[in-house]
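# Residue-level structure breakdown
As a plain string of letters, each chain reads:
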Amino acid sequence: MSGDALVKAALAARDRAHAPYSRFHVGCAVESLNGEVAVGANMENACYRLGICAEQSALAAAQQAFGLENVARLVVVGGFADAGEDIGEAVMPCGGCRQAIAEAAQLSGRNITVTCHDHRGRNAVSTDIASLLPAAFSL
Ligand code: THU
């Protein structure tokens, strides 16, 4: 899938975020080595600590769709629900999500490309999990 199409998939997933508490809506698209795509969005809870991030939501879907060991690329988009049209900062995966992405990379022995964007899919920051989480914990 082209980079643009993957950003569109992440934006569509973001439209399904459930984030009434923070109002910060995040979408994520995960692509497999064969071009299959799984998506997720953040899902918050009235018991705040139970909320899950978009990346972990998408990785859980990816595990079901094609297996974590086949994850090649991950795209994240996000920003506040009322952010408007001004260009925003690219949303970078939180520490916990970095560890979850590292789990997929450890399974395959391959690095995973991570591209982060603002709430409209602009302002790309392109990196990879080895750079985002060097010396990652593993068992
Ligand atoms: N969030 C994500 O979905 N991914 C991240 O990498 C950072 C934060 C979500 C969690 C919470 O629902 C909201 O953004 C504000 O922290």
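As a reminder, the structure under discussion sits directly above these lines.
Overview of the structure. Here the structure is a predicted model, which is why all the values come from computation and not from measurement.

What counts and what doesn't
Residues numbered from 1 in each chain as written. Predicted model: local features only at pLDDT ≥ 70, side-chain atom pairs only at ≥ 80, totals over all residues. Heavy atoms only, no water. Phe/Tyr/Trp six-rings, centres within 6.5 Å; stacked < 30°, edge-to-face > 60°. Helix = DSSP H or I, 4+ residues; strand = E, 2+ residues; numbered from the N terminus. Buried < 20%, exposed > 50% of the residue type's maximum accessible area, 1.4 Å probe, protein only. Lys, Arg positive; Asp, Glu negative; His and termini not counted. Salt bridge = Lys/Arg side-chain N within 4 Å of Asp/Glu carboxyl O. Near = heavy atom within 4 Å. Polar contact = N/O pair within 3.5 Å; in protein donor to acceptor, adjacent residues only side chain to side chain. 1 Å grid on protein atoms, 1.4 Å probe; cavity = no way out; pocket = protein on both sides within 12 Å on 5 of 7 lines; lining within 4 Å. Sits in = over half its atoms within 2 Å of the grid points. Points joined across faces, edges and corners; volume = space filled by probe spheres on them. Nonpolar A, V, L, I, M, F, W, Y, C, P; charged D, E, K, R; others polar.

Before going further, it helps to spend a moment on the packing of aromatic side chains. Using the criterion set out here, one finds 2 aromatic pairs in the structure. For the ring pair Phe24 and Phe80, a centre distance of 4.9 Å and an interplane angle of 80° mean the geometry is edge-to-face. Here Phe24 is found in strand β1 (residues 24–32), whereas its partner Phe80 is found in strand β3 (residues 71–80), with 56 residues between them in sequence.

A separate point is the side chain of Glu55. By the secondary structure assignment, Glu55 is in helix α2 (residues 54–65). Although buried, Glu55 forms no salt bridge, and the nearest oppositely charged side chain, Arg98, lies 7.7 Å from it.

Lining the immediate environment of the ligand, one finds Ser22, Phe24, Val26, Asn42, Glu44, Cys53, Ala54, Glu55, Met92, Pro93 and Cys94. Note that an oxygen atom of the ligand is positioned 2.8 Å from one of the backbone N or O atoms of Ala54. A distance of 2.7 Å separates an oxygen atom of the ligand from a polar side-chain atom of Glu55. More than half of the atoms belonging to the ligand lie within 2 Å of the grid points that define the largest pocket.

Next up on the list: the pattern of salt bridges. For the coordinates displayed, the defined rule picks out 4 salt bridges. The closest approach of N and O atoms between Arg120 and Glu85, which form a salt bridge, is 2.9 Å. Here the residue Arg120 occupies a position in the loop between β4 (113–117) and β5 (125–128), and Glu85 occupies one in the loop between β3 and α3 (95–108), the gap between them amounting to 35 residues. For Arg120, a relative accessible area of 37% puts it in the partly exposed group. Between Asp118 and Arg122 there is a salt bridge whose closest N-O contact spans 3.0 Å. Taking relative accessible area as the criterion, Asp118 reaches 0% and is therefore assigned buried.

When its volume is computed, the largest pocket comes out at roughly 220 Å³. Taken together, 16 residues make up the lining of the largest pocket; nearest its centre are Val26, Asn42, Glu44, Ile52 and Cys53. Those elements giving two or more residues to the lining of the largest pocket turn out to be β1 and α2. Tallied by class, the residues present in the lining of the largest pocket amount to 11 nonpolar, 3 polar and 2 charged.

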